[in-house]
Amino acid sequence: MTEKGGSNMILGVLKENKHGEARVIVTPAGVTEFCRNGHTVLVQKDAGTLAGFSNEEYVSAGAQIRESMEEIYGESELVAKVKELFPEEYPLIRENQIMLACFHPAANREEVDAMLAAKIIGFAAEDSHRYGSPNCEVAGKLGAIMGAVCLTTLYGGCGKLVSGIGGAPGINAIVLGAGVVGRGAVDILASLGAKVTLMDINIGILRQCGAIFPKNVHTAFSNSRNIADLLPTTDLIINCVKWPKNRTDHLITRDMLKLMQKGSVIVDISADVGGAVETYRPTSHDQPTYIVDGVVHYGVDNIPGAVPHTTSCAYAAVVLPHLLAIANSGVKEACRRDAYLRRSLVTYKGVLTHAETALIQNRERHSPETVLELVECDNLDRI
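Residues numbered from 1 in each chain as written. Predicted model: local features only at pLDDT ≥ 70, side-chain atom pairs only at ≥ 80, totals over all residues. Heavy atoms only, no water.

Draft legend 1. Looking closely at helix H4 (residues 109–118). For H4, the complete set of buried residues consists of Glu111, Val112, Ala114, Met115, Leu116 and Ala118. At the C-terminal side of H4, Lys119 shows a positive phi close to 60°. (Buried < 20%, exposed > 50% of the residue type's maximum accessible area, 1.4 Å probe, protein only. Helix = DSSP H or I, 4+ residues; strand = E, 2+ residues; numbered from the N terminus.)

Take a look at the structure:
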């Protein structure tokens, strides 16, 4: 197994094993590009089927099909998947194997333990995006749609139509956070005719949003007091704030639910237990909602998995350059050239390199620059 790049590298593409997850991290178009660069691609059988990509399409693009994840792990130097490692995969990863996935390591100590013990080179894909992940845009837009659906009485909601009709007004909505996720949510809600208040702590971003969104979108500074003032007349809250995991306070506390109307809805797209929404807990696409103090909560933690074709097309396209850089140039050179890939390095041959994980889990950490012995690197500010 090599990490130097420049020679044939074997990429293994896994079928997702998370319940309700149908995305795939490499599409047939990506296989074609990877093979064109002189590398080999192994795809687990039916990895892309639910996303609309057949085994035959992968073979036509140049991939080889493998029956099981055991074969993928056993034969591949570079392994890629959408979601995090699951316990059944821990024994399959091996020393010096390179892996790219949405590990979310800070929230998963056992996963990090397995990565360190196996001495793999692991990249957290969620930290590698220079312009924000397509998953985020999908989550914002689809989360807003699901919030509108949850307002119906079918899910315990108050029975309001997001757009309203002649003689009956549309809903009032709050979107917390004006990043890629939040702007996606506002785009949908505003288009449907809701009155939206977009809240953030960055005045520059709020000004930009005020200029690009229609007049049914208003902006406000995000803090608990301002949120509380709006809650009595709010029908739908979309939380898009990724709350720091070391904080113990919340933007929306359980006590604040008392200010809300019965049947109003909270959609926590950031999906953080103990995060911005105190009453959040994860749910699944099969059972997406629960009710706390009369308020409907939508807590699905992999919202984009419900639209795997759209998400996979965009997500695979933005991840492919990272995979190609690693295969063509090797880990060290790829990280030197791209600060966003470098910051996504979680573990390197038994050493923890991920800053947030070290902070949250109180672990010793060495920077990617140190373990890779890098100088004159690309920086995060370059566009």
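Draft legend 2. The arrangement of a nonpolar patch on the surface in detail. Taken together, Ile145, Val149, Leu154 and Tyr155 make up a surface patch of nonpolar side chains, about 350 Å² in accessible area. Mapped onto the secondary structure, Val149 falls in helix H5 (residues 134–150). A relative accessible area of 32% means that Val149 is categorised as partly exposed. (Patch = residues over 30% accessible without salt bridge, like charges linked within 9 Å, V, L, I, M, F, W, Y side chains within 5 Å. Areas by Shrake-Rupley, 256 points an atom, 1.4 Å probe, with all protein chains shown as cover. Salt bridge = Lys/Arg side-chain N within 4 Å of Asp/Glu carboxyl O.)

Draft legend 3. Just the environment of Lys141, in detail. In this fold, Lys141 is placed in helix H5. For Lys141, a relative accessible area of 26% corresponds to the partly exposed category. On a C-alpha basis, the gap between Lys141 and Val186 in space is 7.8 Å, while along the polypeptide they are 45 residues apart. If near-sequence neighbours (up to four positions away) are discounted, Lys141 is found in contact with Gly184, Ala185, Asp187 and Ile188. At 3.5 Å, the side chain of Lys141 and the side chain of Asp187 are in polar contact. (Contact = heavy atoms within 4.5 Å. Polar contact = N/O pair within 3.5 Å; in protein donor to acceptor, adjacent residues only side chain to side chain.)

Draft legend 4. Molecular detail of the pairing of strand S8 (residues 195–200). Within S8, five of the six residues are buried, which leaves it mostly tucked inside the rest of the structure. As defined by bridge partners, strand S7 (residues 172–176) adjoins S8 across five bridges and the pair is classed as parallel. Each residue of the ladder has a partner; that of Val175, found in S8, is Leu198. In this view, the connection linking S7 to its parallel neighbour S8 by way of helix H6 (residues 180–191) has right-handed handedness. Bridging between S8 and strand S9 (residues 217–221) involves five bridges; their strand directions are parallel. (Pairing = 2+ DSSP bridges. Right-handed = clockwise from strand over helix to strand, strands pointing away.)

Draft legend 5. Spatial organisation of the layout of surface pockets. Quantified by volume, the second largest pocket comes out at close to 220 Å³. Taken together, 11 residues make up the lining of the second largest pocket; nearest its centre are Ser128, Arg130, Tyr131, Val318 and His322. With three residues, the single largest contributor to the lining of the second largest pocket is helix H9 (residues 308–329). When grouped by side-chain class, the residues that make up the lining of the second largest pocket number four nonpolar, four polar and three charged. (1 Å grid on protein atoms, 1.4 Å probe; cavity = no way out; pocket = protein on both sides within 12 Å on 5 of 7 lines; lining within 4 Å. Points joined across faces, edges and corners; volume = space filled by probe spheres on them. Nonpolar A, V, L, I, M, F, W, Y, C, P; charged D, E, K, R; others polar.)

Draft legend 6. The arrangement of the domain arrangement of the chain in detail. For the chain, the assigned domains read domain 1 (10–119 + 307–372) and domain 2 (135–305). The centre of domain 1, based on its C-alpha atoms, is set 31 Å off from the matching centre of domain 2. Each partner contributes to the roughly 1100 Å² buried at the junction of domain 1 and domain 2, and carbon and sulfur atoms together form 51% of this total. The interface formed by domain 1 and domain 2 includes one salt bridge. (Domains from an automatic or database assignment. Buried area = accessible area lost by both parts, 1.4 Å probe.)

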